[in-house]
Amino acid sequence: MGGAVVDEGPTGIKAPDGGWGWAVLFGCFVITGFSYAFPKAVSVFFKELMREFGIGYSDTAWISSILLAMLYGTGPLCSVCVNRFGCRPVMLTGGLLASLGMVAASFCRSIIQLYLTTGVITGLGLALNFQPSLIMLNRYFNKRRPMANGLAAAGSPVFLCALSPLGQLLQDHYGWRGGFLILGGLLLNCCVCAALMRPLEAPRPGSGPAPQRPSRRLLDLSVFRDRGFVIYAMAASIMVLGLFVPPVFVVSYAKDLGVPDTQAAFLLTVLGFVDIFARPTAGFITGLKKVRPYSVYLFSFSMFFNGFTDLTGSTASDYGGLVVFCIFFGISYGMVGALQFEVLMAIVGTQKFSSAIGLVLLLEAIAVLIGPPSGGKLLDATHVYQYVFVLAGAEVLASSLVLVLGNFCIRRRPEAAVEEEERHKPPADVRVDSREVEHFLKAEPEKNGEVVHTPETSV
């Protein structure tokens, strides 16, 4: 696709790792909170929508499903928009769309109109905010990027704990129409966050013309040539099949065990509270000098931990067991949330991240639409919640194995290449100036097929 001049950080500019980056981090925290918590927060209005429109729960549940599908499935579209127009204009447009969708929803007269306004328009607006905010965070932080990712990811549980009670309060006082209208006003804060996303500028030289930025593809599909990206995308897609299943079914699981409704709902509060602290803690640990080179393995461990927690949670037979499960699930879930985009940034780098994240989100969108419904079908067929948790755990465990084994194979490949070169080594009588060869390889490594793998980026 054609190149475009955008507000990308100029090639070679050093990430400030602070300064205005803290404002960017705050904006990313708010955007992440709205993007992930909003589809769950609107569920508090579902019962009133069912009464007004005479529909079932499955009909209203499509609102959240469409929101999530737009957030994940429009990843490539967001990548094209960012690479064409830049992060700040795209986020400003997204904030307006997100607000407009909720305001328009307050005047809807049918559930189909709600699908279009709350689902499609607001979902697209949130997507146009979420992805560019992560791209800007990647440009402003390098050494402190793991910690920044962890703090930004903490916005999801914080906003979930705040928006759900707020939605219930708005419904009690103003009804669902008034609640949607006020939430639409709150989403205008996305435009404020967009204004914080100031593009980085390279210092101008004292004389001569300013350096030109290289043209960029609107959607760089060359990331699929990177074996590390392909393995990451495969692992992430398998992981998402089971990652979101336990939070969907844990409350119903508790009710099936005879737990009162209020205590069952408290399980999600426990999970969210632990998640708030797990994400920044995981980011801080990953940012340590001795740990960061092994962030891929830490991400693989977090997936293994999450899958193992699902398997052990399937053995819970009382409320206390489910509370313990939610505590450990919150820890592992927070680790995954803090590390998933940090590892992707380390694999593809700043220049290709805008395209890579869009393509990964598109693949995850397919898995999001398959995972929870497949768990529901298994539950309908067996009426045993334990099987649902075992299935989810097996899927997440499989993703961790794909990631760690794929990374191991990639790191072994350079050794095989060295052996192959030894077998095809030229005769000893052919003399070549070693200094000349060294200079040639250092000057143009890419043209000579050199692939450098470090522990941090080799996945």
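Residues numbered from 1 in each chain as written. Predicted model: local features only at pLDDT ≥ 70, side-chain atom pairs only at ≥ 80, totals over all residues. Heavy atoms only, no water.

### What about the pattern of salt bridges?
Line of reasoning, step 1. Across all of its chains, the model carries 4 salt bridges by this definition.
Line of reasoning, step 2. Between E342 and R145 there is a salt bridge; the shortest N-O distance is 2.9 Å. Highlighted residues: E342 in helix 14 (residues 319-348) and R145 in helix 7 (residues 145-153), separated in sequence by 197 residues.
Line of reasoning, step 3. Given a relative accessible area of 0%, E342 falls into the buried group.
Line of reasoning, step 4. Residue classification places R145 among the buried residues on the basis of a relative accessible area of 6%. (Salt bridge = Lys/Arg side-chain N within 4 Å of Asp/Glu carboxyl O. Helix = DSSP H or I, 4+ residues; strand = E, 2+ residues; numbered from the N terminus. Buried < 20%, exposed > 50% of the residue type's maximum accessible area, 1.4 Å probe, protein only.)

### Quick look at the confidence of the model for the protein
Line of reasoning, step 1. In this model, the protein carries a mean pLDDT of 81, and residues with pLDDT of at least 70 account for 83%.
Line of reasoning, step 2. Under a pLDDT of 50 for its full length, residues 413-422 has, in the predicted model, 2 contacts with residues more than four places off or in other chains. (pLDDT = per-residue confidence, 0-100. Contact = heavy atoms within 4.5 Å.)

### Looking at unusual backbone geometry
Most peptide bonds take the trans form, and the phi angle of most residues other than glycine is negative.
Line of reasoning, step 1. One non-glycine residue with positive phi stands out, namely D17, at about 55°.
Line of reasoning, step 2. Position of D17 relative to the elements: it lies in the loop between strand 1 (3-4) and helix 1 (21-41).
Line of reasoning, step 3. Owing to a relative accessible area of 11%, D17 belongs among the buried residues under this scheme.
Line of reasoning, step 4. If you check the backbone angles, H383 has positive phi at about 60° while not being a glycine.

### Overview of the packing of helix 11 (residues 245-256) against helix 14
Line of reasoning, step 1. In contact at an axis separation of 11 Å, helix 11 and helix 14 are set at 170° when each is read in the N-to-C sense. When the interaxial angle is binned, helix 11 and helix 14 end up roughly antiparallel. Taking contact as the criterion, the partners of P246, P247, V250, Y253 and A254 in helix 11 are, on helix 14, L322, F325, C326 and F329.
Line of reasoning, step 2. For the contact of helix 11 with helix 14, the residue count by class is 9 nonpolar, no polar and no charged. (Axes fitted to C-alpha atoms, helices over the stretch in contact; angles between N-to-C directions. Parallel < 35°, antiparallel > 145°, perpendicular 65-115°, else oblique. Nonpolar A, V, L, I, M, F, W, Y, C, P; charged D, E, K, R; others polar.)

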